[in-house]
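Summary of the model geometry
Residue strings, one per chain:
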Amino acid sequence: MRVYHFTEQPYFPAWDHHEGSLRVNLPSGKLDPKVAGDLLHRYYDEWKLCDDLGYDIMLNEHHQTATCMSSAVVIGLSILARETKRARLLVLGYPLGHRTDPLRCAEELAAIDVISRGRLDMGFVKGVPYEFPASNQNPVGVMDRFWEAHDFILKAMTSHGEPFNWEGEYFHYRQVNVWPRPVQQPHPPLWSTTGSKTQAKLLGEKGYVMATLGSGYATRPLQDAYRQGYFAKRGTHAPADRFGYLGLVAVGNNEAEARRRGDMVATYLSSSAIVHVPFRNPPGFLATEEYARMLRGESPPRSYTRDGRPIDMYRASVQDLIDAGILFCGTPDQVTQQITDFCDYCGGMGNLLMMGHAGAMPHDDTVGNLTLFAKEVMPALKAYKQPVTEIAAA
């Protein structure tokens, strides 16, 4: 199992003064640039520690929010491509449907792969609803734009002869010729995220690494849908390294220390729900079928425990989050057991996207969390024997 460390690089000093929204319309005057600079330097120091401890690294981007100061993820990728030596650099995500210039995307990512000497993992995502006001894009048709941008980027990265033209529905280019071209051939590995079984099956057909984010015990049906698509396309069963899961992690030398850290890491969930109502679900963001299910009251609970008890992940206690497989929290032995039990339930999981820092969690606790996990939990996860789940095409 590979372990990627992830933090959203929050500007938590503004969290107690948000007046009802941490995203889109929170005045930037609430940010002190010097404090932000100190925090960002700290976060990069912690990522460099991760490189030394044996972690891989995950970055993302969000816009106009105090929950995530990474508004241009290519900057973080550029810094870490040079500052780190061995860690894989996963960008999850890179919201293609919001970008107006996929040629620039191809150029940025190819350059990162070259600077890192072939350590980039490309994670293309739809993006959360709150991104649309910032990008000024129409939620209707976002996935059509996404897939055209995706196809263009791969063609741009893999065309090494004469320049080509592109005349699509959304994007138009002449003389496409990406310099420098990526180190990894034919292109860096591809990841994506989803909470939809239909999309999971499509990702399985493509063979991309599928990541689910805090989906807890709703993860297994998504993985099974992926396995069906993978098998239908190849006639073989999907290996565990095709699956990734973002889980919150808090480990301590004793349960009290772990629970204290768990409370701090869980603020990632409670803060993400603080959004002005008009920005939460723009018309056209969800598929028509999903809106119909919501109106009929058929949408399943956001999260639930292994025995089927629903929880509100945005307000749940540490124990509820542990029971739901969203937070792995405890002593090293307890966390190891929680993670491997969850992987067994899901049928195999080759990549753990570990959120080991969130909110106002201080540097000392973050370093302690990361170091203890690396020394006591990671070796057991490396040795963990992944189950092979055999599911034929539906």
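Computed from a predicted model, the values in this text were never measured in an experiment.

Attention now goes to the packing of helix α8 (residues 255–265) against helix α13 (residues 363–383). The geometry of α8 relative to α13 is characterised by a closest axis approach of 11 Å and an angle of 115° between their N-to-C directions. With respect to α13, the element α8 is oriented roughly perpendicular. The crossing of α8 and α13 is left-handed. Note on element contacts: α13 touches α8 through D365, G368 and N369, opposite R260, R261 and M264.

Turning next to the packing of helix α2 (residues 73–83) against helix α3 (residues 102–115). In the contact formed by α2 and α3, the axes pass within 9 Å of each other and the chain directions differ by 15°. By the criterion of interaxial angle, the relationship of α2 to α3 is roughly parallel. Crossing handedness for the pair α2 and α3: left-handed. Between α2 and α3, the residues in contact are V74, L77, S78, A81 and R82 and E108, L109, I112 and I115, respectively. Residue composition of the contact of α2 with α3, grouped by class: six nonpolar, one polar and two charged.

Here the second largest pocket defines a volume of roughly 200 Å³. Residues belonging to the lining of the second largest pocket are distributed by class as follows: eight nonpolar, six polar and one charged.

In this section: the environment of G348. Counting through the fold element by element, G348 comes out in the loop between α12 (332–346) and β13 (351–355). For G348 and P239, which are 109 residues apart along the polypeptide, the C-alpha to C-alpha distance reads 7.9 Å.

A complete count under the given rule lists two cavities of 30 Å³ or more for this structure. What the largest cavity holds in volume is close to 60 Å³. If you trace the largest cavity, you find it lined by T7, E8, Q9, P10, W15, T67, Y268, S271, M355, H357, A358 and G359. Taken together, the residues of the lining of the largest cavity sort by class into five nonpolar, six polar and one charged. Counted as a void, the second largest cavity has a volume near 40 Å³. As for the second largest cavity, its lining consists of F124, F146, W147, H150, L190, W191, S192 and Y208. Of all the elements in the fold, those that place two or more residues in the lining of the second largest cavity are α5 (142–158) and β7 (190–193).

Before going further, it helps to examine the pattern of salt bridges. Scanning the entire structure with this criterion turns up 19 salt bridges. With a closest N to O distance of 2.8 Å, D56 and R2 form a salt bridge. You can see D56 sitting in strand β2 (residues 56–59) and its partner R2 sitting in strand β1 (residues 2–6), a full 54 residues away along the chain. Take D56: its relative accessible area is 1%, and that puts it in the buried class.

Before going further, it helps to spend a moment on the environment of K206. Tracing the sequence through the fold places K206 in helix α6 (residues 197–206). Taking relative accessible area as the criterion, K206 reaches 32% and is therefore assigned partly exposed. Measuring from C-alpha to C-alpha, the distance between K206 and A258 comes to 39 Å, with 52 residues separating the pair along the chain. Beyond its immediate chain neighbours, meaning those up to four positions away, K206 contacts W147, H150 and R234.

The subject of this paragraph is helix α1 (residues 33–53). Across its 21 residues, α1 extends 30 Å between first and last C-alpha, which sits within 8% of the 30 Å expected from 1.5 Å per residue. Regarding α1, the residues found buried are A36, L39, R42, Y43, Y44, E46, W47, C50 and D51. You can read the cap of α1 off the contacts: a side-chain oxygen lies 2.9 Å from the backbone nitrogen of K34, and it is on D32. Following α1 by one or two positions, G54 has its phi on the positive side, about 100°.

Across all of its chains, the model carries zero disulfides by this definition. The closest cysteine sulfur to the non-disulfide-bonded C346 is located on C343, 6.8 Å from its own sulfur.

Our focus in this paragraph is the packing of aromatic side chains. Tallied over the entire structure, the rule returns 17 aromatic pairs. Ring centres 5.6 Å apart and planes at 50° place the aromatic pair Y44 and W47 in the tilted group. With Y44 and W47 both in helix α1, this residue pair falls three residues apart, about one helical turn. Within the aromatic cluster, the residues linked to one another by ring pairs are Y217, Y245, F328, F342 and Y345. Between the NZ or CZ atom of R99 and the centre of the ring of Y94, over which it lies, the distance is 4.2 Å. Its end group placed over the ring of F164, K155 keeps NZ or CZ at 4.6 Å from the ring centre.

What counts, and at which threshold
Residues numbered from 1 in each chain as written. Predicted model: local features only at pLDDT ≥ 70, side-chain atom pairs only at ≥ 80, totals over all residues. Heavy atoms only, no water. Axes fitted to C-alpha atoms, helices over the stretch in contact; angles between N-to-C directions. Helix = DSSP H or I, 4+ residues; strand = E, 2+ residues; numbered from the N terminus. Parallel < 35°, antiparallel > 145°, perpendicular 65-115°, else oblique. Left-handed = near helix turned anticlockwise from the far one by under 90°. Contact = heavy atoms within 4.5 Å. Nonpolar A, V, L, I, M, F, W, Y, C, P; charged D, E, K, R; others polar. 1 Å grid on protein atoms, 1.4 Å probe; cavity = no way out; pocket = protein on both sides within 12 Å on 5 of 7 lines; lining within 4 Å. Points joined across faces, edges and corners; volume = space filled by probe spheres on them. Salt bridge = Lys/Arg side-chain N within 4 Å of Asp/Glu carboxyl O. Buried < 20%, exposed > 50% of the residue type's maximum accessible area, 1.4 Å probe, protein only. Expected span 1.5 Å × (residues − 1). Polar contact = N/O pair within 3.5 Å; in protein donor to acceptor, adjacent residues only side chain to side chain. Disulfide = S-S within 2.5 Å. Phe/Tyr/Trp six-rings, centres within 6.5 Å; stacked < 30°, edge-to-face > 60°. Lys NZ or Arg CZ within 6 Å of the ring centre and 35° of its normal.

So far we have only geometry, and geometry alone does not tell us how the molecule works.
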